[in-house]
Amino acid sequence: MSTNTKIDFIYLSEQDMIRAGVTDMLACVNTMEEMFGLLYAGDYRMAGPNNDSHGAMVIFPQDSPFPNMPKPTADRRMMAMPAYLGGSFCTAGVKWYGSNIANREKGLPRSILMFTLNDPDTGAPLAHMSANLLSAYRTGAIPGVGARHLARKDSKVVGLLGPGVMGKTTLAAFIAVCPHIDTLKIKGRGQKSLDNFIAWVKETYPQVTTIEVVDTLEAVVRDSDLVTYCSSGEVGDPTTYPIVKREWVKPGAFLAMPASCSLDDGMEQRDVRKVLDNTGLYQAWFEELPKPAHHCVPVIGVRFMDMIAEGKMRLEDVEDIGKIIAGAAQGRKNDEEIIIMSVGGMPVEDVAWGTVVYRNAIEKGIGVTLNLWETPVLR
């Protein structure tokens with residue numbers, strides 16, 4: 001029996017990724033929706049004992065005798081995020097996440113990401129790809145999936161905190177699924193980032209005819225149909241996380257939170273509907289982290305796990321978006337209900353969108369073919 005031991009894979013630069021469609025937000029939203037159906041069915045695996053872990057992170061100490069060891073500064077992350085996804089994807093992969101907020105002083109993005117896609121049978125690499133855009137678009141697409149099923153159909157006004165990459169892709173996803181959006185209220189830290197964001201909106205989405213820069217979180221939230229917090233910052237003290245107060249929230253609003261967030265007592269009440277991208281992800285985080293877990297991971301779904309542990313909420317009070325997409329739970333129930341969705345980010349999302357982009361690249365002949373070996377030296 002003859003076998004072919006040669007293994008080739010493709011390398012995709014950031015420009016290759018763009019040519020292969022990584023910035024097609026509507027296609028990304030549709031892909032994430034398909035992925036959530038597989039999560040609900042159970043046709044996936046991530047790391048950890050419950051198969052739902054966000055990934056494995058390298059933790060750096062506050063004080064080290066080694067002068068070159070990185071410090072645990074804001075948004076300092078070095079981590080691997082592996083996953084397998086079944087269905088029409090049937091691929092595995094891992095994203096390597098390197099992040100340092102000080103990168104901005106060097107003219108670099110806060111995070112520098114790479115993704116490797118693998119054959120789930122042999123483990124052989126299919127592609128090694130630039131993953132900043134891959135990660136940004138799949139992250140932004142998740143609030144878009146939520147808005148498709150949970151926002152009011154007549155939503156027009158977006159309130160956005162954080163005019164950065166995550167803010168851009170989240171707004172792009174909202175606009176992809178809510179065609180009546182014409183107004184943006186935005187809050188940021190610096191004038192340069194605000195100016196750049198506003199210029200991007202005007203060029204990319206001329207249907208957004210009203211853009212208002214606001215100075216307070218209340219102004220971001222009040223009278224907005226869609227709300228998202230996309231800012232990064234120090235982690236550790238939830239009282240410093242951007243807050244949402246119930247008195248600010250318009251009846252019928254949908255809030256999607258892919259970054260730091262805290263809630264006042266009114267927003268924590270049971271009549272505010274609480275949706276997660278994957279309950280198992282937050283349960284894995286809760287098992288892995290010191291308590292209260294929201295001090296360590298600032299995403300609001302982690303606060304929900306703390307509340308369950310404290311007896312302030314029941315597990316059945318949180319819902320998975322996958323269950324709603326599958327039709328096993330109701331979407332928006334009426335025009336008055338307030339819904340908040342936590343977006344934690346999962347490696348299955350990278351596998352899903354990475355697979356689609358890889359297959360586009362193969363079909364279009366995009367990328368550089370690299371050889372791993374003709375025949376392995378050690379077998």
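Residues numbered from 1 in each chain as written. Predicted model: local features only at pLDDT ≥ 70, side-chain atom pairs only at ≥ 80, totals over all residues. Heavy atoms only, no water.

This part is about the sheet that holds strand 13 (residues 254-257). The 8 strands lie next to each other as 10-9-8-11-13-17-15-16, forming an open sheet whose pairing is parallel. Where the open sheet ends on each side, the last strands, each with one partner, are strand 10 (210-213) and strand 16 (318-320). Direction aside, the axes of adjacent strands within the sheet are offset by 20 degrees on average. Together, strand 8 (157-161), strand 9 (183-187), strand 11 (226-229) and strand 13 form the strand contacts of helix 4 (residues 165-177), whose direction differs from that of strand 8 by roughly 165 degrees. (Pairing = 2+ DSSP bridges. Helix = DSSP H or I, 4+ residues; strand = E, 2+ residues; numbered from the N terminus. Axes fitted to C-alpha atoms, helices over the stretch in contact; angles between N-to-C directions. Contact = heavy atoms within 4.5 Å.)

Another aspect to go through is the packing of aromatic side chains. Counted by the stated rule, this structure contains 3 aromatic pairs. Connected via pairs of aromatic rings, a cluster forms that spans Phe197, Trp200 and Tyr205. The residue whose ring lies beneath Lys291 is Phe286, and the NZ or CZ to ring-centre distance is 4.6 Å. (Phe/Tyr/Trp six-rings, centres within 6.5 Å; stacked < 30°, edge-to-face > 60°. Lys NZ or Arg CZ within 6 Å of the ring centre and 35° of its normal.)

A few words on the nonpolar core. Leu85, Tyr229, Phe254, Leu255 and Phe304 are the most contacted members of the largest nonpolar core, which totals 108 residues. If we ignore the near neighbours within four places in the chain, the residues touching Phe254 are Pro143, Gly146, Ala147, Leu150, Ala151, Phe174, Asp225, Leu226, Val227, Arg332, Ile339 and Met341. (Core = buried A, V, L, I, M, F, W, Y, C linked by side-chain atoms within 4.5 Å. Buried < 20%, exposed > 50% of the residue type's maximum accessible area, 1.4 Å probe, protein only.)

Here strand 11 shows two buried faces, one formed by Leu226 and Thr228 and the other by Val227 and Tyr229. Taken together, the 3 bridges between strand 11 and strand 13 define a ladder with parallel strand orientation. In the strand pairing of strand 13, Val227 is matched with Leu255.

Next up on the list: helix 2 (residues 25-41). Because each turn of an α-helix spans 3.6 residues, side chains separated by three or four positions end up pointing in the same direction. Counted at 1.5 Å a residue, the expected span for helix 2 with its 17 residues is 24 Å, and the 24 Å between its end C-alpha atoms agrees. If you check which residues of helix 2 are buried, you get Met25, Cys28, Val29, Thr31, Met32, Glu33, Met35, Phe36, Leu38 and Leu39. With its phi angle positive at about 90 degrees, Gly42 sits one or two positions after the end of helix 2. (Expected span 1.5 Å × (residues − 1).)

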